[in-house]
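Close look at the chain arrangement
Each chain, written out:
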Amino acid sequence: MVFDWFRRQAAPEPATPEQASAAPAAPETAEARPEPAAPEQPAAPEHPAEPPEPASASPPSQDALEWARQAYARLKAQQEAARLQDTQPAPEPAAAPEPPPAPESQAAPESPPARPEPEPSQEPERPPAAGPSLLEQAAARRAERQQALTAPAAPAPSEPASPAGPAAAVADSPEPRLGAFDDTFTWSAEVLAAQGRSLDQVSLEEIDWLGRLRQGLEKTRRGFVTQLLDTLGDDPLSPELLDDLETALLRADVGVSATDRVLEALRQRLNEEVVDSAEGLRFLKEQLRAILDGPIEASAASLLAPQKGRLNVWLMVGVNGVGKTTTLGKLANLAVRSGYSCVIAAADTFRAAAVQQVQAWGDRSQVPVIANPSANADPAAVVYDAIGAAQAKGTELVLVDTAGRLQTKHNLMEELSKVRRIIDRLAPEAVVESLLVLDASQGQNGLRQAMAFASAAGLTGVVITKLDGSARGGVALAVASEAGLPIRFIGAGEGIRDLRPFNSFEFVEALLAG
């Protein structure tokens, strides 16, 4: 059982990969250990009646806070149980003293003639120990100290063996740890509860991801939310406030089309009734989510994930410097951790060291890379070899790294079309996705790239990266409203796990978090 990050399955499953990483005999003892955590579970039956309350009535802070406390206690119990499982190997050496044969000592009295024989041999050994006792003991202590000083150098070579153990783990992506019960945790738990999650569906990784998403949108939020809250204040909405809101939306690169749509809906609401600031903020969130969900609902799939039992080919396209190769490496890691077989096609043969960079990402996630070592190799030939290898081995996902190109370069755009024709001819039954990688810091320039690539490359989705380094996170709304492209993934960090499937509810909540 593996936690599928593409489909956002239930949280209890991530516990199984940890057990899978342990020895086969360890799970049996681990199953006996979680029993002490069972007494904490009786509290769980009391909670099922409570999760619906924060989901339907998230405004009451007391209910949300109590739900967050229960989630924190549950995650803390899970972490403690995992810690006990990690410390289980220590008791095993304690079990080793059992072999010291007590029966042998009992057999010794049974055979008295055997005793006199060792006695003479032991007697000569005793006098030498008694003679130079002080000097030899001091020398032995010095030797032990020297060994203790040199011992730290010995564990160093054993360290490389540890990374080899966890297949999907990466050195720069430590497992998330449960931190303090602070504002970030309570906000993350409240977001999960508002989506209808139950306590047993809250995982530490999702809490950690929401915290990083909120932190990644900090720059956009500081420029947008601060001005928005100052504009709204505590007074009811007015036409003058809508003008200030329009300025704030445009500065966040939300785009003209999305801004006009939001303001039109607000003006229509104002004509019907008086809207206070809290209701205005809630209505604004609904409008922003509707803009982001529009292209997703219009697409064939509401959630982009590899299909089991079929060949899936995902092409990563975009201009130079937006992070295509990095995004591809993160997607490969996400696929492996979600239980999919994956292969990478290094089809970016024009950029220097591009193949080596892809190979490094493949090694970090233990994903095979198909490449042509010759200079200026044909990208279509690399894709041809990758698809052939995937079909022969039954691989489910092929990630294709294409060369960075400007939307004005006709020859490179034609090369991209050639790659697409090769895929359609070699694997007509394959599910092909063409994902445009956009740098959030480029703002409206990224929107123009999306419009150009959509007409030339047959785009099916967008991946927005570098949200943590930009104050223009609103470009996601511009892409959805003007380019009409569904946003499939977002990246909010430089770590290998800082890429997740896009969720409009979480994005808007992180964007407008107070």
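I will try to describe carefully the structure that is included in this document. All figures in this text were calculated on a predicted structure; none of them were measured in a lab.

The buried fraction of strand β2 (residues 342-346) is high, at five of five residues. Pairing analysis gives five bridges linking β2 to strand β4 (residues 397-401), with the strands arranged parallel. In the sheet register, V343 faces β4, and the bridge partner there is V398. Where β2 lies against strand β3 (residues 369-370), two bridges are found, and the strand directions are parallel. Across the sheet, A345 pairs through a bridge with I370, a residue of β3. Viewed along the sheet, the connection from β2 through helix α19 (residues 354-365) into β3 turns out right-handed.

Moving on: unusual backbone geometry. Even without a glycine there, the phi angle at Q366 is positive, about 55°. As for its position among the elements, Q366 is in the loop between α19 and β3. Even without being a glycine, K466 presents a positive backbone phi close to 60°. You can see K466 is positioned in the loop between β6 (461-465) and α23 (475-483). A relative accessible area of 35% places K466 in the partly exposed class.

Taken as a whole and assessed by the stated rule, the structure comprises 18 salt bridges. In this structure, E206 and R197 form a salt bridge, with 2.8 Å as the shortest nitrogen-oxygen distance. The exposure class of E206 is buried, given its relative accessible area of 0%. Its salt-bridge partner being E509, residue K285 comes within 3.2 Å of it at the nearest N-O pair. Placement of K285 in helix α17 (residues 277-298) and of E509 in helix α24 (residues 504-511) is noted, with a sequence separation of 224 residues between them. With relative accessibility at 16%, the residue K285 sits in the buried group. The class of E509 is buried, set by a relative accessible area of 14%. Here the salt bridges share partners, and the residues they tie into one network are R269, E273, E279, R282 and E286.

When the terminal C-alpha atoms of helix α15 (residues 239-251) are compared, their 19 Å separation across 13 residues agrees well with the 18 Å that a helix rising 1.5 Å per residue should span. By the burial criterion, the buried members of α15 are L241, L242, L245, A248 and L249. Seen from one end, α15 has its buried residues packed into an arc of 115°, which puts them on one side. Projecting away from the buried face of α15 at angles above 90 degrees are the exposed residues P239, E240 and R251.

Bringing the packing of aromatic side chains into the picture now. For the structure shown, the criterion picks out eight aromatic pairs. A ring pair is formed by F6 and Y340, whose centres lie 5.6 Å apart and whose planes are at 80°; its orientation type is edge-to-face. Taken together, the residues span a long stretch of sequence, with F6 in the segment before α1 (15-21) and Y340 in the loop between α18 (324-337) and β2 at a distance of 334 residues. The pair formed by F6 and Y340 is uniform in burial state, with each residue classed as buried. Summarising the aromatic geometry, the rings of F6 and F489 are spaced 6.0 Å apart at their centres and angled 85° between planes, so their arrangement reads as edge-to-face. In this pair, F6 sits in the segment before α1 while F489 sits in strand β7 (residues 487-491), placing the two residues 483 residues apart along the sequence. With a relative accessible area of 0%, F489 lands in the buried category.

Each value, and the rule that gives it
- Residues numbered from 1 in each chain as written.
- Predicted model: local features only at pLDDT ≥ 70, side-chain atom pairs only at ≥ 80, totals over all residues.
- Heavy atoms only, no water.
- Buried < 20%, exposed > 50% of the residue type's maximum accessible area, 1.4 Å probe, protein only.
- Helix = DSSP H or I, 4+ residues; strand = E, 2+ residues; numbered from the N terminus.
- Pairing = 2+ DSSP bridges.
- Right-handed = clockwise from strand over helix to strand, strands pointing away.
- Salt bridge = Lys/Arg side-chain N within 4 Å of Asp/Glu carboxyl O.
- Expected span 1.5 Å × (residues − 1).
- Arc of directions from axis to C-beta.
- Phe/Tyr/Trp six-rings, centres within 6.5 Å; stacked < 30°, edge-to-face > 60°.

On their own, these measurements won't tell you what the molecule is for.
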